[in-house]
Every structure is written in C-alpha cells, then in structure tokens.
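# Structural overview
One letter stands for each residue in the lines below.
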Amino acid sequence: MGFYLSGFYRMLSERPYFDWPEKLQGRLPWVEIGFGNGEFLEHLAGASPHQPMVGMEVSLTCLDKAARRLCRLGAENVRLLLGDARFLLRECFEDNGVEKVFMNFPCPWPKSRHARRRVTSRGFADALAAVLCIGGTFRLVTDEAWYAREAMAALGEHPALCGRFEDADVSDRPVATKYERKWRALGKEILSVVVEKTAPWRGERLMEEGRALHVEVVFEGDLWQCLRALEGREGHRNEAHWIFREVFLGNDGSALVQVIANDDGFEQRFFLRAVRRNDRVLVKIDDTATPFRTPAVRFALEEAAGFLAKTLP
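Here is a short report on the structure shown in this document. On a predicted model such as this, the values are computed, not experimentally measured, just so you know. (Residues numbered from 1 in each chain as written. Predicted model: local features only at pLDDT ≥ 70, side-chain atom pairs only at ≥ 80, totals over all residues. Heavy atoms only, no water.)

### Some points on the environment of Glu-166
- Along the chain, the position of Glu-166 falls in strand S6 (residues 161-166).
- Distance in space between the C-alpha atoms of Glu-166 and Val-141 is 9.7 Å, their sequence separation being 25 residues.
- When residues no more than four places from it in sequence are discounted, the contact partners of Glu-166 are Arg-139, Ser-192 and Val-194.
- There is a polar contact of 3.0 Å between the side chain of Glu-166 and the side chain of Arg-139. (Helix = DSSP H or I, 4+ residues; strand = E, 2+ residues; numbered from the N terminus. Contact = heavy atoms within 4.5 Å. Polar contact = N/O pair within 3.5 Å; in protein donor to acceptor, adjacent residues only side chain to side chain.)

Now the structure itself:
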C-alpha cells in the first residue's frame, strides 16, 4: 500500500517525497494529526479516494492499527508518518502545500510545564500559517472548553490566520472517533475550532538539507578512552541543546557515542560512530537510527569531532 510503517527511517534525514499515484497528483493533501486507531482517517480515505492524505502519530502501536485498517480498505491515498507533528508539519511540507489539517481530541496537556506541546504555542501557529494554502483550514475538535478557547485566542491572533467556533454536533461530522463516543456518552460538551489561512506567511525550517553528517579529524590516541570523557557533557546554542550519554566500544575498534539532541522541544536520540582511519578518525552518524539534519544534531557531531582534535598533544 505504500504506507510508511516505520516512520521516517525510510526517508532518512531529508524531507520526504510522497510517492502519490498519478491519479492523486496535483492535489494538495489533507493532514490528520494524532490519528489514534485510524477511524477518522479511514473514513476520510474511503469517502475521498482521489484525495491525498497524510496521518501523523507519535505512537507506533496506533500507527500499526491504522495501517491495518487502511490496508483492509485498500486505500492508496494515505501515507502515515511516525513522529512529533510539531516538527513534521513544519518540516515535511512546503509553504502553501496543505489544504486541510484535522486534529481530533488531542491531549490538552493541562500542566503548565507541558504548555509548549499544545497547539496554542506560537511555533505551531507559524507552522500552520506556512503550510496551509490561502483558504486552507485547521479544525480542532475537543471536549475541553478551556483548551478550545485558548486555541481560538492563540491561533486567531496570528496575522495570517482567522479563527471561529463551529457547531460540533455529531450529525455534522463524517464519523465519531472512539474518544468522541466516550465523551458524548459521559454528557461532555464537544467544541470545534476552525482556523483559516487568510494571508501569505513564510515558514522557517530547521532541517539543513545538503549538509554532510560526518567530520574527519587527525587523531592517534586511545579512541574509546578519549570519548569516554564526553559522557555527561552538554552543549547549548540558540534553541539547540545536546547531551552525550554513554560511550561503547565496538568489536572493530570503532566507538559509539549515545546522543540526545533537542531543537526547540523536538528531541532525537541517535549514536555517533567514530571510525579509525590510520592517523585520522571519521566521526559520523551511525546507521542504526538516522536523525533529521537539525542544528542540534550537527552541533553534537561537530563538538565530538572537535573534542577529539583538541586532545592531540
């Protein structure tokens, strides 16, 4: 069916190319953020088979369930992405490249320390304003009134967006999701916020396409012992943060350095591999999990290579 069952590993570290069948080309996709078990996405795919659609989800279990639904349906118009939609929406689509975005009953993240994960953050508003076409819409359906009001205020204040409340009665929606049925059975009020793009907006992206993810330095010392000194070391630059965790020695004499990189809330975990080449060492991203080419990833690689270079006598 062409679903991305393992998230972005197939796409490696670059912006994905959606291989739509010829009958779907020329149409801007619809996107569902947090598709859960895939009920809503399955209905959309069946009702509009000539409309390209992209689903985004952080849960691999949910992605697997949704993929099975879509395979049974025989859908050819859906691609599934595994990862944080705050990053994926902004990085995977060009400006004016999406017609509709749906978000059904997301976690409202009520605790203040989680506020940056809400759709009310300025970063999400900027991403919407960039990727939506003029007249394109974002629809949020929620059972939390405070969340709906906060979303309306935050997104509606964006210079390129205009928000409104719409009737979220079940008769007006194409399908009721599992959570919608649950909340309605409990008598909870369902609210719908619709945000429309009304003016052009240029998006800023983090991914640094075209940059090489390796550095070679002169080094003749004990590679593993040297890199162990990196354990626990942290770095910061602008909105990028990275930390080096454990270092492992490979059977071939190479060394692996565990890294956690964070770009303005988007976290990636991966390994750097240091490979000896005579009097030099090549530091590169290990093939086990290719991260997206963000500033934090590049800074971590450059710091590890620079650390080796500085240890020369």
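### Concerning the environment of Gly-210
- Looking at where Gly-210 falls in the secondary structure, it is placed in the loop between strand S7 (191-197) and strand S8 (214-218).
- Taking C-alpha positions, Gly-210 is 8.9 Å from Arg-293, a pair spaced 83 residues apart along the chain.

### Some details on the sheet that holds S7
- With mixed pairing, seven strands are arranged side by side in an open sheet as S3-S2-S1-S4-S5-S7-S6. Only two strands of the sheet have a single partner each, and these edge strands are strand S3 (78-82) and S6. Each adjacent strand pair in this sheet contributes to an overall mean axis angle of 15 degrees, direction not counted.
- Where strand S4 (residues 98-104) lies against strand S5 (residues 132-142), six bridges are found, and the strand directions are parallel. The residue of S5 that forms the bridge with Asn-104 is Val-141.
- Of the strands in this sheet, strand S1 (30-33), S4, S5, S6 and S7 touch helix H4 (residues 122-131), which is tilted by about 140 degrees from S5.
- The sheet contacts of helix H5 (residues 145-156) involve S5, S6 and S7, and relative to S6 the element is tilted by about 155 degrees. (Pairing = 2+ DSSP bridges. Axes fitted to C-alpha atoms, helices over the stretch in contact; angles between N-to-C directions.)

### Concerning the pattern of salt bridges
- If you walk through the whole model with that rule in mind, you get 16 salt bridges.
- Between Glu-42 and Arg-69 there is a salt bridge, with the nearest N and O atoms lying 2.8 Å from each other. With Glu-42 in helix H1 (residues 39-47) and Arg-69 in helix H2 (residues 60-73), the pair connects residues that are 27 residues apart, well separated along the chain.
- Between Asp-84 and Arg-86 there is a salt bridge whose closest N-O contact spans 2.5 Å.
- What you see here is one network of salt bridges that share partners, running through Arg-139, Arg-164, Glu-166 and Glu-196. (Salt bridge = Lys/Arg side-chain N within 4 Å of Asp/Glu carboxyl O.)

### Description of unusual backbone geometry
- A positive phi is found at Phe-105, a non-glycine position, where the angle reads about 50 degrees.
- Note on placement: Phe-105 falls in the loop between S4 and H4.
- Relative accessible area serves as the criterion here: at 9%, Phe-105 is assigned to the buried category.
- The backbone phi angle of Asp-264 is positive, close to 50 degrees, even though this residue is not glycine.
- In this fold, Asp-264 is placed in the loop between strand S11 (255-263) and strand S12 (266-277). (Buried < 20%, exposed > 50% of the residue type's maximum accessible area, 1.4 Å probe, protein only.)

### Re the sheet that holds S12
- The six strands lie next to each other as S8-S13-S12-S11-S10-S9, forming an open sheet whose pairing is antiparallel. Only two strands of the sheet have a single partner each, and these edge strands are S8 and strand S9 (234-237). Here the average twist between neighbouring strands, direction ignored, is 25 degrees.
- Of the strand pairs in this sheet, strand S10 (residues 240-249) and S11 are connected by eight bridges, and their pairing is antiparallel. If you follow Ala-240 over to S11, its bridge partner there is Asp-263.
- Docked against the sheet, helix H8 (residues 295-310) engages S8, S9, S10, S11, S12 and strand S13 (280-285), running at close to 50 degrees with respect to S10.

### A closer look at H2
- Along its 14 residues, H2 runs 20 Å from first to last C-alpha, staying within 8% of the 20 Å computed at 1.5 Å per residue.
- Three or more residues of H2 are buried, namely Leu-63, Ala-66, Ala-67 and Leu-70. Buried positions in H2, seen along its axis, are confined to an arc of 105 degrees and lie on one side of it. Exposed residues on H2 whose side chains face more than 90 degrees from its buried face are Thr-61 and Arg-72.
- The elements touched by buried residues of H2 are H1, strand S2 (53-57) and S3. (Expected span 1.5 Å × (residues − 1). Arc of directions from axis to C-beta.)

### Thoughts on the packing of aromatic side chains
- All told, the structure shown has eleven aromatic pairs when counted by the stated rule.
- Summarising the aromatic geometry, the rings of Phe-18 and Phe-93 are spaced 5.6 Å apart at their centres and angled 15 degrees between planes, so their arrangement reads as stacked. Of this pair, Phe-18 sits in the segment before S1 while Phe-93 sits in the loop between helix H3 (85-92) and S4, and the two are 75 residues apart along the sequence.
- Given a relative accessible area of 11%, Phe-18 falls into the buried group.
- Lying over the aromatic face of Trp-30, Lys-100 brings its terminal NZ or CZ to 4.4 Å of the ring centre. (Phe/Tyr/Trp six-rings, centres within 6.5 Å; stacked < 30°, edge-to-face > 60°. Lys NZ or Arg CZ within 6 Å of the ring centre and 35° of its normal.)

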